[in-house]
Amino acid sequence: MYAPAASAARPRVLVIDDEEAIRSALGRALAAEGLVIDLAETAADGLSRARAEVYDLVILDLLMPGTDGFATLRQLLRDRPGQAVLVLSCLADVRHKVDCFDLGARDYLTKPFSLDELLARVRNQLRGFDRVIRAGEITLHVGRMEADIGHGPLPLTRLEFLVLKELMEHAGQALSKGQLLESVWGYDFDPGSNIVGVCVSRLRSKIGDHAIRTVRGEGYRLAVG
């Protein structure tokens, strides 16, 4: 991992690329921008890291040995709906670019590329890192993954953060377990476990039992009044 010494919360970026020279160069350049960088040299390692951590941006090499880049992009966005992905590829034709955008990529840059241009595109994707969401008595600091109910910051786990963010962005609406499974875990079916309920229970222990209400037959709703 490349990271500057400052301890303040910084955007997290994952670089997935099999070329060591590119990984190293991007790691140094992005760290110099004040970002926290994780590097993965295989699609499997990259997908594993993306499942385990919250990244503000994933930079994905589309063509890696033994890997279907489009399948990797599709799986990444299935596991992490809404994940910002910047695709790197030596494929410059419009068809491949359109396919990536249709799958959900936010940006596409062809190799060889200008480092200055890549950094500009990264900065563009990371605008809003310091975004704050407010709903009712809760303030959510997106970049720091912290909630505040008026008594100071409350650190959240990755899943707690994602569930609370989803509820806050739909404040006052009831979200079903299926909706939360799809948006947070990437499941479009009920796997037969109570993972949503467990996560909501942990959130309630941090932000108060009254903050998230169970709506019988509908799901969960953030109390805003």
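The structure presented is a predicted model; accordingly, all values stated were derived computationally and were not measured. (Residues numbered from 1 in each chain as written. Predicted model: local features only at pLDDT ≥ 70, side-chain atom pairs only at ≥ 80, totals over all residues. Heavy atoms only, no water.)

Draft legend 1. Structural detail: the layout of surface pockets. Quantified by volume, the largest pocket comes out at close to 630 Å³. In this structure, the largest pocket is lined by 23 residues; those nearest its centre are Tyr55, Gly82, Gln83, Arg106 and Lys165. Counting residues per element, the ones that place at least two in the lining of the largest pocket are helix H6 (158-169) and helix H7 (177-185). Considering each element in turn, the lining of the largest pocket owes the most residues, 4 residues, to H6. Within the lining of the largest pocket, the residues separate by chemical class into 10 nonpolar, 5 polar and 8 charged. Each pocket or cavity is described by its volume, and for the second largest pocket that value is around 180 Å³. Lining the second largest pocket are 10 residues, with Arg10, Arg12, Gly143, Arg144 and Met145 sitting closest to its centre. (1 Å grid on protein atoms, 1.4 Å probe; cavity = no way out; pocket = protein on both sides within 12 Å on 5 of 7 lines; lining within 4 Å. Points joined across faces, edges and corners; volume = space filled by probe spheres on them. Helix = DSSP H or I, 4+ residues; strand = E, 2+ residues; numbered from the N terminus. Nonpolar A, V, L, I, M, F, W, Y, C, P; charged D, E, K, R; others polar.)

Draft legend 2. Just the environment of Lys111, in detail. The residue Lys111 is located in the loop between strand E5 (107-110) and helix H5 (115-125) in this model. Ignoring anything within four residues of it in the chain, the contact list for Lys111 reads Asp17, Glu19, Ile22, Asp61, Leu88, Ser89 and Cys90. One polar contact links Lys111 to Asp17, side chain to side chain, over a distance of 3.0 Å. (Contact = heavy atoms within 4.5 Å. Polar contact = N/O pair within 3.5 Å; in protein donor to acceptor, adjacent residues only side chain to side chain.)

Draft legend 3. Broad picture of the nonpolar core. Grouped together as the largest cluster of nonpolar side chains are 28 residues, with contacts concentrated most on Ile138, Leu140, Val163, Leu164, Met168, Ile212 and Leu222. Taken together, the elements giving at least two residues each to this core come down to strand E6 (132-135), strand E7 (138-141), H6, H7, helix H8 (195-207) and strand E12 (219-222). Element by element, the count of residues in this core is highest for H6, at 6 residues. Leaving out residues up to four positions away in the same chain, Leu222 has contacts with Ala135, Ile138, Leu164, Leu167, Met168, Ala171, Gly172, Gln173, Ala211 and Ile212. By size, the runner-up hydrophobic cluster in this structure holds 20 residues, among which are Leu14, Ile16, Leu47 and Tyr55. (Core = buried A, V, L, I, M, F, W, Y, C linked by side-chain atoms within 4.5 Å. Buried < 20%, exposed > 50% of the residue type's maximum accessible area, 1.4 Å probe, protein only.)

Draft legend 4. Quick look at the pairing of E6. Across the two faces of E6 the burial differs, with Ile133 and Ala135 buried and Val132 and Arg134 not buried at all. Between E6 and E7, which pair antiparallel one after the other, the connecting turn spans 2 residues, and Gly136 there sits at a positive phi close to 60 degrees. (Pairing = 2+ DSSP bridges.)

Draft legend 5. Just the sheet that holds strand E4 (residues 85-89), in detail. Spatial strand order, E2-E1-E3-E4-E5: 5 strands in an open sheet with parallel pairing. For this open sheet the edge positions go to strand E2 (36-40) and E5, each flanked by a neighbour on one side alone. Averaged over neighbouring strand pairs, the angle between their axes works out to 15 degrees when direction is ignored. Looking at chain direction, E4 and E5 are connected through 4 bridges and run parallel. Across the sheet, residue Leu88 finds its bridge partner in E5, namely Leu109. Contacts from helix H2 (residues 43-52) reach strand E1 (12-16) and E2 within the one sheet, and its direction differs from that of E2 by about 140 degrees. (Axes fitted to C-alpha atoms, helices over the stretch in contact; angles between N-to-C directions.)

Draft legend 6. How the structure looks around the sheet that holds strand E11 (residues 212-215). Here 3 strands make up an open sheet; going across it, the order is E10-E12-E11 and the pairing antiparallel. Of all strands in the sheet, those with a lone pairing partner are strand E10 (174-175) and E11, marking the two edges. Direction of pairing for E11 relative to E12: antiparallel, over a ladder of 4 bridges. Bridge pairing links Arg213 to Arg221 in E12. The strands touched by H6 within the sheet are E10, E11 and E12, with E12 carrying the most contacts at an inclination of about 70 degrees.

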